[in-house]
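Listed below, chain by chain, are the residues.
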Amino acid sequence: KRPFARRTYYTNAFVTFFLVVGMVLFFQWLNNKRLLFLIFSFVSFAVTLLLYQAPRAFLPLFLPLLFFLYKKEVKPVLVTAFGLFFFLILIPIG
């Protein structure tokens, strides 16, 4: 009877999936220092921003906190990572 309710459930599942994948890839990058893990981590975070409204409020607060907690490991690529992330956010707007 409620055809749009299922789409909401799927969207929430996809957002949770991509958030977890982004976190796993970020921690893989911390362990291996391969830039590919960091790039795919930010792509995963950017996909969550395109899928649903809630990550738009959550991720801009969460990612700086994540960088602050791991600032010793993140410092060399901080500027590049934030630049890539915000570029991926702005692609749909332009």
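Notes on the structure follow. (Residues numbered from 1 in each chain as written. Predicted model: local features only at pLDDT ≥ 70, side-chain atom pairs only at ≥ 80, totals over all residues. Heavy atoms only, no water.)

## Describing the overall build of the protein
- When you go through the protein residue by residue, the secondary structure sums to 5 helices and 0 strands.
- Expressed as a percentage of its 94 residues, the buried residues of the protein come to 32%.
- Put simply, 62% of the contacts in the protein that link residues at least 6 apart link residues at least 24 apart.
- For the protein, the accessible area works out to roughly 6,700 Å², and carbon and sulfur atoms hold 71% of it. (Helix = DSSP H or I, 4+ residues; strand = E, 2+ residues; numbered from the N terminus. Buried < 20%, exposed > 50% of the residue type's maximum accessible area, 1.4 Å probe, protein only. Contact = heavy atoms within 4.5 Å. Areas by Shrake-Rupley, 256 points an atom, 1.4 Å probe, with all protein chains shown as cover.)

## Comments concerning the nonpolar core
- Among the nonpolar cores identified, the biggest contains 18 residues, and F26, W29, F45, L59 and L63 are the most heavily contacted of them.
- Where this core is concerned, the elements lending two or more residues are α1 (5–32), α2 (35–51) and α3 (54–69).
- With 7 residues, α1 is the single largest residue contributor to this core. (Core = buried A, V, L, I, M, F, W, Y, C linked by side-chain atoms within 4.5 Å.)

## Examining the packing of α2 against α3
- Put simply, α2 and α3 touch, their axes get as near as 9 Å, and they point 155° apart. Considered as vectors, α2 and α3 are oriented roughly antiparallel to each other. Judged by the sense of rotation from one axis to the other, the crossing of α2 with α3 is left-handed. Packed against α2, whose contacting residues are F42, F45, T48 and L49, the element α3 presents P55, R56, L59, L63 and F67 at the interface.
- Tallied by class, residues from the contact of α2 with α3 come to 7 nonpolar, 1 polar and 1 charged. (Axes fitted to C-alpha atoms, helices over the stretch in contact; angles between N-to-C directions. Parallel < 35°, antiparallel > 145°, perpendicular 65-115°, else oblique. Left-handed = near helix turned anticlockwise from the far one by under 90°. Nonpolar A, V, L, I, M, F, W, Y, C, P; charged D, E, K, R; others polar.)

## Some remarks on α3
- With 16 residues, α3 extends 23 Å between its outermost C-alpha atoms, agreeing within 8% with the 22 Å of an ideal straight helix rising 1.5 Å per residue.
- Taken as a whole, α3 carries its principal kink of about 25° at P60.
- Turning to α3, its buried residues are P55, L59, F62, L63, L66 and F67. (Expected span 1.5 Å × (residues − 1). Bend = angle between axes of the 7 residues up to and from the residue.)

## Description of the environment of F18
- Its location among the elements puts F18 in helix α1.
- For the pair formed by F18 and V47, sequence separation is 29 residues and the distance between their alpha carbons is 7.1 Å.
- Not counting residues up to four positions away in its chain, the partners in contact with F18 are S44, V47, T48 and L51.

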